[in-house]
Amino acid sequence: VILPGIAVKLRPMAPPVFAVGIDIGGTKMAVAAVTRTGRIVARRVLPTEAEAGFARAVSRLEEAIRHVQDEASLQIPGGECAGIGIGCAGPVDPFRGVIRNPYTLTGWDCCDIATPLREAFRLRVVLENDADAAAMGECWVGAGSGFDPVVMLTFGTGVGGAAIVGGKIQRGAGGEHPELGHIVVRPDGPACYCGTRGCLESIASGSAIGKSGEPHGWADARGVFQAAQQGIPEARAIISGAVDAVGTAVWSLAHAYVPQRLIFGGGLMETEFERFAPVMRRLTTVTQFTRDSVSLAKAQLGNDAGLVGAAGLVLT
Ligand SMILES: [Zn+2]
């Protein structure tokens, strides 16, 4: 029986697709529309203001998401949004889409971000640790493209780390994120909030370098680097301690993961990579795996790695 009045609709060709990437840090949140080729076509940056409450942050994010979606649909006519990817300062629970980071996001100790965004936009929502999102971004369209496995260290206020193995984010028990910034590099080093002394973060992070410079009157890590550049011995000692710490960490990580590529990102590496690079040449003396099988590179996406990678979580 053929029913009259029912036209068979042909499936339209798949429209060009973009995704929304979100990068949530302690001070600001960035929201972007990112194309299938990893290009940002619209962006909004807003202060996090975590202490003003999670619900308020979510409603401000929703507004920003609508804005970048509208802007993207002007640039990509007919383009459809494939979903929303979020990279957030951890700890996070990637399986439940829950942020549990009261440490740098005041009051956000069990905050489900996936459900409200999924309900508001009727889209797939994925949440990952920001270091994992950045590593995914670099693997997708940056310094890690074509390499596997990849380990990335991000040097900013703290030291973040991520490993991408077989194209996937490496997870520990219960989905926990490998905390590569807290591997011990100097057992008699400064105490860290992670519970031990002398971890990489306690010596080579921006805040650790800044703290070491305080007694000498340097305001922050930048000040210490500048003083070292001018040849001031105390500053040179602090920086050489950080450089040695990174060298030791790289040695350990290279042996643990044998990554085809080890990437160095974050604000500190963006300006100071060359200062750290020579100590990594020690890797050429490794006897336990084929010489040159592990390559080192500076991150290519800069501050956008997390944002692009977050979108990539739903596009790749
Ligand atoms: Zn630590």
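See the structure printed just above.
The following paragraphs examine the structure supplied in this document. (Residues numbered from 1 in each chain as written. Predicted model: local features only at pLDDT ≥ 70, side-chain atom pairs only at ≥ 80, totals over all residues. Heavy atoms only, no water.)

## Digging into the pairing of strand E13 (residues 295-298)
Part 1 of the reasoning: Residues Ser295 and Ala297 point to one face of E13 and are all buried, whereas Leu296 and Lys298, pointing to the other face, are not buried.
Part 2 of the reasoning: Bridging between strand E12 (residues 261-265) and E13 involves four bridges; their strand directions are parallel. In the sheet register, Leu262 faces E13, and the bridge partner there is Leu296.
Part 3 of the reasoning: A crossover links E12 with its parallel partner E13, the connecting element being helix H8 (residues 267-280), and its sense is right-handed. (Buried < 20%, exposed > 50% of the residue type's maximum accessible area, 1.4 Å probe, protein only. Helix = DSSP H or I, 4+ residues; strand = E, 2+ residues; numbered from the N terminus. Pairing = 2+ DSSP bridges. Right-handed = clockwise from strand over helix to strand, strands pointing away.)

## Digging into the coordination of the zinc ion
Part 1 of the reasoning: Coordination of the zinc ion by the protein is provided by His182 (ND1), Cys192 (SG), Cys194 (SG) and Cys199 (SG), with metal-donor distances spanning 2.0 to 2.4 Å.
Part 2 of the reasoning: Coordination geometry of the zinc ion: the four donor atoms subtend angles of 101 to 127 degrees at the metal centre, consistent with an arrangement described as tetrahedral.
Part 3 of the reasoning: Each donor residue of the zinc ion lies on one chain, and together they are spaced H-x9-C-x1-C-x4-C. On the criterion of sequence distance, the pair formed by His182 in the loop between strand E11 (168-169) and helix H4 (200-204) and Cys194 in the loop between E11 and H4 is long-range, its members being twelve residues apart.
Part 4 of the reasoning: Residue class for His182 comes out buried when judged on its relative accessible area of 16%.
Part 5 of the reasoning: On the accessibility criterion, Cys194 (35% relative accessible area) is partly exposed. (Donors = N, O, S within 2.8 Å, 3.2 Å for Na, K, Ca; no water. Tetrahedral: all angles 85-135°; square planar, octahedral: opposite > 155°, others 65-115°.)

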